[in-house]
Amino acid sequence: MFRAGKLTEALAVTDAHNGLPLDAPPIALHARLEKPEIAAGERIGITKAVELPWRYGLKGSKFLSKPF
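Quick look at the environment of K59
1) Next: Note on placement: K59 falls in the segment after β2 (55-58).
2) Next: Overall, K59 belongs to the exposed group, its relative accessible area being 54%.
3) Next: Separated by 20 residues in the primary sequence, K59 and A39 place their C-alpha atoms 5.1 Å from one another.
4) Next: K59 has contacts with E37 and A39, leaving out every residue within four places of it along the chain.

Here's what the structure looks like:
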């Protein structure tokens, strides 16, 4: 059984994409039309420098392992 990670889930990548070239359809990259709202937060799953804002993500994204 295929288990998608957060990134592949966010990009809608499936088993059907396995082995396809990244520079040909159906894969395409497009620039954003508007500036995204980026959130910064404390790192998770570590014990050193936890207070540093080294974790970034799209604010409100359901694909983050832990919401900000």
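Section: the pattern of salt bridges
1) Next: For the coordinates displayed, the defined rule picks out one salt bridge.
2) Next: Between K59 and E37 there is a salt bridge whose closest N-O contact spans 3.4 Å. Taken together, the positions of K59 in the segment after β2 and E37 in the loop between α1 (6-10) and β1 (38-41) put the pair 22 residues apart, joining distant regions of the chain.

Topic: the side chain of R55
1) Next: As for its position among the elements, R55 is in strand β2.
2) Next: Nearest to the buried, unbridged R55 among oppositely charged side chains is E42, at 8.9 Å.
3) Next: Excluding residues within four positions of it along the chain, R55 makes contact with A39, A40, G41, E42, R43, I44, L64, S65, K66, P67 and F68.

Brief notes about the environment of A10
1) Next: Its place among the elements puts A10 in helix α1.
2) Next: A relative accessible area of 38% places A10 in the partly exposed class.
3) Next: Spatially, the C-alpha atom of A10 lies 17 Å from that of F68, the residues being 58 residues apart in sequence.

Looking at the confidence of the model for the protein chain
1) Next: In this model, the protein chain carries an average pLDDT of 84, and 94% of its residues clear a pLDDT of 70 or more.
2) Next: Mean pLDDT per element in the protein chain: α1 is the minimum at 85, and β1 is the maximum at 88.

Quick look at the environment of P26
1) Next: Along the chain, the position of P26 falls in the loop between α1 and β1.
2) Next: Among the residues examined, P26 registers a relative accessible area of 58% and is labelled exposed.
3) Next: Spatially, the C-alpha atoms of P26 and A39 are 30 Å apart, while their sequence positions differ by 13 residues.
4) Next: Once residues within four sequence positions are removed from consideration, P26 is found in contact with H17 and L20.

So, how was this worked out
Residues numbered from 1 in each chain as written. Predicted model: local features only at pLDDT ≥ 70, side-chain atom pairs only at ≥ 80, totals over all residues. Heavy atoms only, no water. Helix = DSSP H or I, 4+ residues; strand = E, 2+ residues; numbered from the N terminus. Buried < 20%, exposed > 50% of the residue type's maximum accessible area, 1.4 Å probe, protein only. Contact = heavy atoms within 4.5 Å. Salt bridge = Lys/Arg side-chain N within 4 Å of Asp/Glu carboxyl O. Lys, Arg positive; Asp, Glu negative; His and termini not counted. pLDDT = per-residue confidence, 0-100.

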